[in-house]
Amino acid sequence: MYLLIPAAGTGKRMGADRNKLLLKLRSQPIIAWTMLAAEAASSISWIGIISQPHDWEDLKAIMADLKLTKPIKLIAGGSTRQESVYNGLQALPADAKQVLIHDGARCLATPDLLNACAEAIRHCPGLIAAVPVKDTIKVVDESGIIQSTPDRSQLWAAQTPQGFDVDLLKQCHAEGVRQGWEVTDDAALFEKCGIEVHIVPGEETNLKVTTPQDLAIAEFILSNINYTQNG
Ligand code: CTP
Ligand code: MG
């Protein structure tokens, strides 16, 4: 299975002086943990890291340090996640029928979750890892007044990995460019094009490292992960 890792953001909400994925969590940069999970997932045979060329020197040093055995390619990112994934899709090897897309910032996803998504995408056009929402969610207007309370039993929190048929995802991205759609994940493009997207049970620990508080939580979760025991 081919895996694209969007890693070309700036990490604005983290507030650091560089791409948050280069910040350390325990002994390794955040992106190194994501690479290690991909390396340990037996279903993954090729990895594309979508990233800004000014980070390539650092990324190459991290890759050399990890001694990864799988083919790994650096792909130039865009100014939004959507553009970055678009670039990643163009850089896939020609024989890629399906692809997994997994955010570099979700460095705690286990190899088991990557493997489960790789297996499931062989049987449907699109999927995402997701978990049921635990909080009651409110729809709030600009003045801070609650408008409604959606039925929680129908709400899921979207994660990555997300998996797709490559041809369909390329078509959806092209339609997104034509229509000017701005989305925060690829599943949303499938939804807008009317193609079904399935749910794979995600992991409560699969948080997206976004703010400085997330770093502390991720450090705690990482202390319980050992990739040599996953497959
Ligand atoms: N990403 C990307 N290209 C962009 C923007 C984001 O590849 N132009 C990637 C990020 O590197 C990250 C993933 O998409 O792995 C999810 O994005 P997010 O967590 O929002 O990261 P940033 O955009 O870097 O953070 P922020 O929104 O706080 O600036
Ligand atoms: Mg962002």
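Remember, predicted model here, so these are calculated numbers, not experimental data.

A separate point is unusual backbone geometry. For the bond from Thr160 to Pro161, the omega torsion is 10 degrees, close enough to zero to count as cis. For Pro161, the position within the fold is in strand S10 (residues 156–165). Although it is not a glycine, Arg26 adopts a positive phi angle of roughly 50 degrees. The phi torsion at Lys67 lies on the positive side, around 55 degrees, for a residue other than glycine. Within the secondary structure, Lys67 sits in the loop between helix H2 (56–66) and strand S5 (72–76).

Looking now at the site of ligand 1. Close to ligand 1 lie 19 residues; Gly11, Lys12, Arg13, Ser84 and Lys208 are nearest. Contact distances for ligand 1 include 3.0 Å between an oxygen atom and a backbone N or O atom of Gly9. Contact between ligand 1 and Ser79: a nitrogen atom at 3.5 Å from a main-chain N or O atom of the residue. Isolated, ligand 1 exposes 570 Å² of accessible area, and the fraction of that covered by the protein chains is 88%. Here the residues of the shell around ligand 1 are counted per class, giving five nonpolar, eight polar and six charged.

Any space left empty among the atoms is revealed by the rolling of a water-sized probe across them. Scanning the model with the defined rule gives one cavity of 30 Å³ or more in all. Estimated volume of the largest cavity: approximately 30 Å³. Around the largest cavity, the lining residues are Arg81, Gln82, His173, Val183, Thr184, Asp185 and Asp186. Looking at the lining of the largest cavity, its residues break down into one nonpolar, three polar and three charged.

Another aspect to go through is the sheet that holds strand S11 (residues 198–201). Sheet architecture is open: seven strands sit in the order S5-S4-S1-S6-S10-S7-S11, paired in mixed fashion. Edge positions in the open sheet fall to S5 and S11, since each of these has one partner strand only. The average angle at which neighbouring strand axes cross in this sheet is 30 degrees, direction not considered. As defined by bridge partners, strand S1 (residues 2–6) adjoins strand S6 (residues 98–101) across three bridges and the pair is classed as parallel. Among the inter-strand pairings, Leu3 is bridged to a residue of S6, identified as Leu100. Of the strands in this sheet, strand S4 (46–51) and S5 are in contact with H2, which crosses S5 at around 170 degrees.

Glancing now at the packing of helix H3 (residues 81–90) against helix H5 (residues 166–179). It is at 11 Å that the axes of H3 and H5 come closest, and there the two elements cross at 135 degrees. In terms of orientation, H3 and H5 fall into the oblique class. At the point where H3 passes H5, the crossing takes the left-handed sense. Here Gln82, Val85, Tyr86 and Leu89 of H3 lie close against H5, whose contacting residues are Leu169, Lys170, His173 and Val177. Partitioning the contact of H3 with H5 into residue classes produces five nonpolar, two polar and one charged.

Averaged over all residues, the pLDDT of the protein chain equals 96, while 97% of them reach at least 70. Complex prediction metrics read pTM 0.96 and ipTM 0.99.

This part is about the layout of surface pockets. By volume, the largest pocket amounts to about 900 Å³. Together, 35 residues line the largest pocket, and Gly9, Arg13, Thr80, Arg81 and Lys208 are the ones closest to its centre. Of the residues forming the lining of the largest pocket, the biggest block, four residues, is contributed by S10. Among the residues making up the lining of the largest pocket, the classes are represented as seven nonpolar, 17 polar and eleven charged. Taken as a whole, the second largest pocket spans an internal volume of roughly 210 Å³. Considering the residues around the second largest pocket, the lining is formed by 14 residues, among which Val131, Lys134, Ala157, Gln159 and Glu204 are closest to the centre. Where the lining of the second largest pocket is concerned, the elements lending two or more residues are strand S7 (126–132) and S10. Of the residues forming the lining of the second largest pocket, the biggest block, three residues, is contributed by S10.

What counts as what
- Positions within a chain are numbered from 1, following the residues in the order the chain's sequence is written.
- Whichever chain is written first is A, and whichever ligand is written first is 1; the rest continue in order.
- Given that this is a predicted model, residues contribute local features only at a pLDDT of at least 70 and side-chain atom pairs are listed and counted only at 80 or more, while totals for whole chains, interfaces and linings are drawn from all residues.
- With hydrogens and water stripped out, all remaining heavy atoms of the structure feed into the side-chain values.
- Helix and strand definitions follow DSSP, with helices as H or I runs of at least four residues and strands as E runs of at least two, each counted in order from the N terminus.
- Nearness here has a simple test: a residue counts as near a molecule or strand if at least one of its heavy atoms is within 4 Å of that partner.
- Each polar contact in these results corresponds to two N or O atoms within 3.5 Å; when the atoms are within protein, one needs to be able to donate a hydrogen and the other to accept it, and residues that are neighboring in sequence are counted only if both atoms are side-chain atoms.
- We get accessible surface area from the Shrake-Rupley algorithm with a probe of 1.4 Å; when it comes to residues, only the shown protein chains can shield them.
- Only Asp, Glu, Lys and Arg are considered charged in this grouping, and only Ala, Val, Leu, Ile, Met, Phe, Trp, Tyr, Cys and Pro are considered nonpolar; every other residue, Gly among them, is considered polar.
- Cavities and pockets are found on a 1 Å grid laid over the protein atoms alone: a cavity is a set of points where a 1.4 Å probe fits but cannot escape, a pocket is an open set with protein on both sides within 12 Å along at least five of seven lines, and a lining residue has an atom within 4 Å of such a point.
- Grid points are joined across faces, edges and corners, and a volume is the space filled by probe spheres set on the points.
- Strands pair, by our definition, only if DSSP identifies at least two bridges between them.
- Note on geometry: axes are lines fitted to C-alpha atoms, helical ones only across the stretch in contact, with angles between N-to-C directions running from 0 to 180 degrees.
- Here, two residues are considered to be in contact whenever any of their heavy atoms come within 4.5 Å of each other.
- Orientation is classified from the angle alone, with under 35 degrees giving roughly parallel, over 145 giving roughly antiparallel, 65 to 115 giving roughly perpendicular, and any other angle giving oblique.
- Crossing chirality is assigned from the near helix's rotation relative to the far helix, an anticlockwise turn below a right angle marking it left-handed and a clockwise turn marking it right-handed.
- pLDDT: the predictor's confidence for each residue, scored from 0 to 100.

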